[in-house]
Amino acid sequence: MILYHTSTLEIRKPDLLHSRPRLDFGKGFYLTTLYGQAERYGERFIRRGEMAILNTFLLDDVRTDCTHKIFTAYDGEWLDFVTACRKGLPHKDYDIIEGGIADDQVFDTVDLYFSGIYTREQALDQLQFKKPNHQICITSQETLDKYLHFQSSKKL
């Protein structure tokens, strides 16, 4: 599977030491299958006057060796998982987590729920109309080292 990661650097060998905690799926190396999404993410760096580098990787088939969680919708399970991760709470030990991104529009809803302004039902009501983007978070250094292979990079 071809995956993309946009950064201010070329990243030939990803490591979890440089990963930030309290993101959608917790600490990990985040990628997407969507080239356009990776390209748009690079615009954030460019607007800040930084270089944007789109890194391309190949992920081997990991279905038999890794624990894998897939969220197919912005539903209650996804909302609870993202809320817990953003609070820094530990989650089940998945090597790979895949699902929708809490992008700007979705994050507003999650943030209102997170702060207690929206109830869970109100948040889910808003989220049901959102079409999920796509992200893959690899949370295991062993999985990164064994199955994710750098292919190329290019400046955006």
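Only a predicted model underlies this, so the values are computations on that prediction, with no experimental measurement involved. (Residues numbered from 1 in each chain as written. Predicted model: local features only at pLDDT ≥ 70, side-chain atom pairs only at ≥ 80, totals over all residues. Heavy atoms only, no water.)

Observations regarding the nonpolar core
Then, number 1: Phe-25, Trp-78, Leu-79, Phe-81 and Val-106 are the most contacted members of the largest nonpolar core, which has 19 residues in total.
Then, number 2: For this core, the element with the most residues is helix 2 (residues 76–86), which contributes five residues.
Then, number 3: Not counting residues up to four positions away in its chain, the partners in contact with Trp-78 are Phe-25, Phe-71, Ala-73, Gly-100, Ile-101, Ala-102, Val-106, Val-110 and Leu-127.
Then, number 4: Judged by nonpolar contacts, the second largest core, of 16 residues, contains Leu-3, Phe-29, Cys-66 and Tyr-147. (Core = buried A, V, L, I, M, F, W, Y, C linked by side-chain atoms within 4.5 Å. Buried < 20%, exposed > 50% of the residue type's maximum accessible area, 1.4 Å probe, protein only. Helix = DSSP H or I, 4+ residues; strand = E, 2+ residues; numbered from the N terminus. Contact = heavy atoms within 4.5 Å.)

Overview of helix 1 (residues 35–47)
Then, number 1: Along its 13 residues, helix 1 runs 19 Å from first to last C-alpha, staying within 8% of the 18 Å computed at 1.5 Å per residue.
Then, number 2: Buried residues of helix 1: Gln-37, Ala-38, Gly-42 and Phe-45, and no others. For helix 1, the arc enclosing every buried residue in end-on projection is 145°, short of the 170-degree limit, so these residues lie on one face.
Then, number 3: Tucked into the core, helix 1 has its buried residues touching strand 1 (2–7) and strand 3 (53–59).
Then, number 4: Phi turns positive, to about 80°, at Gly-49, one or two residues after helix 1. (Expected span 1.5 Å × (residues − 1). Arc of directions from axis to C-beta.)

Examining the pairing of strand 3
It is a general feature of regular strands that their side chains alternate between the two faces of the sheet.
Then, number 1: Judged by how many residues are buried, strand 3 sits mostly within the fold: six of seven residues are covered.
Then, number 2: Sheet topology places strand 1 next to strand 3; six bridges connect them, and they run antiparallel. Across the sheet, Leu-3 pairs through a bridge with Phe-57, a residue of strand 3.
Then, number 3: Relative to strand 7 (residues 148–155), strand 3 runs antiparallel, the two sharing seven bridges. (Pairing = 2+ DSSP bridges.)

Some thoughts on the sheet that holds strand 5 (residues 96–99)
Then, number 1: Spatial ordering of the open sheet is given by 2-6-5-4, a layout of four strands whose pairing is mixed. Of all the strands in the sheet, just strand 2 (29–31) and strand 4 (68–70) have a single pairing partner and so form its edges. Averaged over neighbouring strand pairs, the angle between their axes works out to 15° when direction is ignored.
Then, number 2: Relative to strand 5, strand 4 runs parallel, the two being bridged by three bridges. Across the sheet, Ile-70 pairs through a bridge with Glu-98, a residue of strand 5. (Axes fitted to C-alpha atoms, helices over the stretch in contact; angles between N-to-C directions.)

Quick look at the pattern of salt bridges
Then, number 1: Scanning the model with the defined rule gives six salt bridges in all.
Then, number 2: Salt-bridge contacts for Arg-86 lead to Asp-24; the nearest nitrogen and oxygen are separated by 2.4 Å. Here Arg-86 is found in helix 2, whereas its partner Asp-24 is found in the loop between strand 1 and strand 2, with 62 residues between them in sequence.
Then, number 3: A salt bridge links Asp-80 to Arg-120; the shortest N-O distance between them is 2.8 Å. Of this pair, Asp-80 sits in helix 2 while Arg-120 sits in helix 4 (residues 120–127), and the two are 40 residues apart along the sequence.
Then, number 4: Its relative accessible area of 36% is what places Asp-80 among the partly exposed residues.
Then, number 5: The exposure class of Arg-120 is partly exposed, given its relative accessible area of 29%. (Salt bridge = Lys/Arg side-chain N within 4 Å of Asp/Glu carboxyl O.)

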